[in-house]
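Each chain, written out:
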Amino acid sequence: MFRTSNKLLSRKTPNEAREVVEAHPSNIEMAAQMESIQHLPSLAGPPSVETARKRDHNGSGWLVSGIICVNILILGCALVGGSAFNSVAITAVHRQIFLIVLLLLTVIWMFFYTIFTFRSAQAVFYKDSHAGPVWLRAGLVFFGLLSLIMDIFKIANYVGYLHCDSPVKVAFPIVQAVFLFLQTYFLWTHAKDCVQLHKNFTRCGLALTLSTNLVLWMTAVTEESLHQTDIPENVSVAHSLYRASYEEDKCKCSYASCRIFKDAYYYLYPFNIEYSLFASAMTYVMWKNVGRLVDHGHHHVKFRLKDVGLGPVAGILLVLAGLATFVVYEVDILNEDPDKKKKALMIHFIMNIVIVSLMSITTTIGCVIYRLDKRERVSGENPTRSLDVGLLVGASMGQFIISYFTIVAVVATGAKGCLNGLNLAWAILTVVQLGLQNFFIIEGLHREPSHIMQATALHTNVVAVQSHAEMSHVMENNKTRYFLASTAHRVNWKRRVLKEITTFLLLANVILWIMPAFGARPQFDHYIETRFYKFTMWAAIVNIGLPFGIFYRMHSVASLFEVYVMS
């Protein structure tokens, strides 16, 4: 009976619940009794917090799953690196066999979880409403669809080499395509689960899934980076790279369209890279939620663009201008004429300087508004928020590293010439923009949603007016309308400006993701850093830092989307 009445009360909105309590003060005692009864151990209900904590401390699931994840990652790193720079002892086939084994084991575990663990009545009592928001799952589906197309192009390309190469190269994209489909369904369905059954086994399975996605990410990043890196003729560091294995005369494609499929799937690598990172983030949150007994409830926040206008328009114009200059850069940088190359680099540098300058200005305005904003900061444990902030700060380190190495190289060589000056300005402004944007996003993610704060403020104002018993009914109505209107006005202008800034920053990060993700490499086309650090060192810096910088831009897009909804 108590549970039934508690469910009925929980369906009420916060304002309705307050009205019930104010009208019937005795309900406070009744609610307290019901709450204390709910915390008593029950055979049919969920376990208590104390019991769950004791089980977690006594169990070794966290430790074992962490060891599994670390070992798979280190072994995967060794195989990916070995197959990239030694095509004799360790080939791409060995790496793909290892990945096929990981994919099959992960698929088997997902089937076990779906068929046995999840269907049990004691498995999932709680759902984490912050985990796997709909826009994150929609992004996962979008990137997964394009990754599936990439695997289809790979199959079509590798089939042409079956007469002279290993069939494993055809089997791997087939297995990966099946894995992509099943994992996307799995994460869409179970991303919010807080599992209470088979906890140790579930943690180990999620650790396997996490490490598999990260190894796939490392593989895709390595292949894409080697494809985009132009190695000078006087450097012999990578004569045996596996990316050139099909260019040798000993193995030719059996039909003419192989080259088309190969060029096509390389353009889809950025989407596959983002898919692996999205899946890794969602899997990590599931891993952290195993055994959690916290139910945040369900937050229905609608995404609407009716309150904004200038931000989206300015952002779209910036994206179009960036795309135009990016196309010019990609065409002219391949020209043998030095003047055209110099002009292409100059246009690219100027466009990026304009973008990061505008982003820095708008972000500064947003930070000032946050200082004026009276919304409370969100407190309490939230794995999703912690992961978002950690990924944001960690991924930005890649771009920070490249920018600071560029600043040192340009300043040490005297910053002579127009291109060197533009390169230095871009690096300095990028450092400023990254710091400001990190602060803006972190502040936005840790503020209470505006609709909750506004509802609280309106209710407080209404109660304050109604507390003056000496006022007439007419005066009460007039003052109530005044407080409601003034409060809504004070909230709306801040919300509107924050939404304009957030949409502009979101679109600006999109174009800053597109340019490096699809082949812009001014770090190699402008030779100042290569001459200062030498190619081997500079290539390592860029090929390690740039993938994190690219991911930072896409992760900023997802975070800014959430900041927009909360504003």
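Computed from a prediction, not measured in an experiment: that's the story for all the values here.

Turning next to the nonpolar core. Of all hydrophobic cores here, the largest spans 118 residues; its most connected members are Ile355, Phe440 and Trp513. The element best represented in this core is helix α20 (residues 535-566), accounting for 16 residues.

Let us now look at the packing of helix α11 (residues 269-289) against helix α14 (residues 383-412). Direction vectors running N to C along α11 and α14 enclose 140°, while the axes themselves pass 10 Å from each other. Comparing their axes, α14 and α11 come out oblique. In the packing of α11 onto α14, the handedness of the crossing is right-handed. Here α11 contributes Ala281, Tyr284, Val285, Lys288 and Asn289 to the contact with α14, which in turn contributes Pro383, Thr384, Leu387 and Leu391.

Looking now at the packing of helix α15 (residues 418-445) against α20. Helix packing geometry: the angle between the two helix axes and the distance between the axes. As a packed pair, α15 and α20 sit with axes 9 Å apart at the nearest point and diverge in direction by 40°. Relative to α20, α15 is oriented oblique. Along this stretch, α15 crosses α20, giving a crossing that reads as left-handed. Note on element contacts: α20 touches α15 through Tyr552, Arg553, Ser556, Ser559, Leu560, Glu562, Val563 and Met566, opposite Gln433, Leu434, Gln437, Asn438, Phe440, Ile441, Gly444 and Leu445. The class makeup of the residues in the contact of α15 with α20 is eight nonpolar, six polar and two charged.

A few words on α20. Its 32 residues give α20 an end-to-end C-alpha distance of 45 Å, which sits within 8% of 46 Å, the value for a rise of 1.5 Å per residue. When the local axis directions of α20 are compared, the greatest deviation, roughly 25°, occurs at Leu546, which is followed within four positions by the proline Pro547. Taken across its 32 residues, α20 has 25 buried, putting it largely inside the fold.

With that settled, consider the packing of aromatic side chains. Applying the stated criterion across every chain, the model contains 29 aromatic pairs. Ring plane angle 45° and centroid distance 6.1 Å describe the contact between Phe524 and Phe535, whose orientation is recorded as tilted. One end of the pair, Phe524, is in helix α18 (residues 522-525); the other, Phe535, is in helix α20, and eleven residues separate them in sequence. Each member of the pair Phe524 and Phe535 is classed as buried. An aromatic cluster is built from Phe142, Phe143, Phe271, Phe278, Trp513 and Phe518, whose rings are joined through pairwise contacts. It is Arg203 that lies over the ring of Trp62; its NZ or CZ is 4.0 Å from the centre.

With that settled, the discussion passes to the state of the cysteines. Defined simply, a disulfide is a covalent bond joining two cysteines at their sulfur atoms. One pass over the structure, following the stated rule, counts one disulfide. The side chain of Cys253 participates in a disulfide bridge whose partner is Cys258; the two sulfur atoms lie 1.6 Å from each other. Take Cys253: its relative accessible area is 22%, and that puts it in the partly exposed class. Judged by its relative accessible area of 2%, Cys258 is buried.

Bringing the environment of Ser396 into the picture now. You can see Ser396 is positioned in helix α14. Ignoring any residue separated from it by four or fewer positions in sequence, one finds Ser396 in contact with Leu434, Asn438 and Tyr552. A polar contact of 2.7 Å, which involves the side chain of Ser396, links it to the backbone oxygen of Val393.

As a general rule, the predicted coordinates of low-pLDDT regions are not to be interpreted in detail. In the predicted model, the protein carries a mean pLDDT of 79, and 74% of its residues have values of at least 70. This stretch, residues 455-465, has a pLDDT under 50; its non-local contacts, to residues over four places away or in other chains, come to 15 contacts. Here residues 467-476 is a poorly scored stretch, pLDDT under 50, and it has five contacts once near neighbours within four places are set aside; other chains count.

Below, the discussion takes up the environment of Cys194. Assignment of secondary structure puts Cys194 in strand β2 (residues 193-195). Once the C-alpha coordinates of Cys194 and Val285 are considered, the two residues, 91 residues apart in sequence, prove to be 9.7 Å apart.

With that out of the way, let us pick up the pattern of salt bridges. Charged atoms that come close allow side chains of opposite charge to pair. Evaluation of the coordinates by the stated rule reveals seven salt bridges. For Lys154, the salt bridge is made with Glu223, and the minimal N-O distance between the two is 3.8 Å. One end of the pair, Lys154, is in helix α7 (residues 134-159); the other, Glu223, is in helix α9 (residues 199-228), with 69 residues separating them in the sequence. On the basis of relative accessibility, which here comes to 5%, the residue Lys154 falls in the buried class. The salt bridge partner of Glu562 is Arg385, with a shortest N-O separation of 2.6 Å. One end of the pair, Glu562, is in helix α20; the other, Arg385, is in helix α14, with 177 residues separating them in the sequence. The pair Glu562 / Arg385 is uniform in exposure class, with both members buried. What emerges from the salt-bridge pattern is a single network uniting Arg95, Lys154 and Glu223.

Parameters at a glance
Residues numbered from 1 in each chain as written. Predicted model: local features only at pLDDT ≥ 70, side-chain atom pairs only at ≥ 80, totals over all residues. Heavy atoms only, no water. Core = buried A, V, L, I, M, F, W, Y, C linked by side-chain atoms within 4.5 Å. Buried < 20%, exposed > 50% of the residue type's maximum accessible area, 1.4 Å probe, protein only. Helix = DSSP H or I, 4+ residues; strand = E, 2+ residues; numbered from the N terminus. Axes fitted to C-alpha atoms, helices over the stretch in contact; angles between N-to-C directions. Parallel < 35°, antiparallel > 145°, perpendicular 65-115°, else oblique. Left-handed = near helix turned anticlockwise from the far one by under 90°. Contact = heavy atoms within 4.5 Å. Nonpolar A, V, L, I, M, F, W, Y, C, P; charged D, E, K, R; others polar. Expected span 1.5 Å × (residues − 1). Bend = angle between axes of the 7 residues up to and from the residue. Phe/Tyr/Trp six-rings, centres within 6.5 Å; stacked < 30°, edge-to-face > 60°. Lys NZ or Arg CZ within 6 Å of the ring centre and 35° of its normal. Disulfide = S-S within 2.5 Å. Polar contact = N/O pair within 3.5 Å; in protein donor to acceptor, adjacent residues only side chain to side chain. pLDDT = per-residue confidence, 0-100. Salt bridge = Lys/Arg side-chain N within 4 Å of Asp/Glu carboxyl O.

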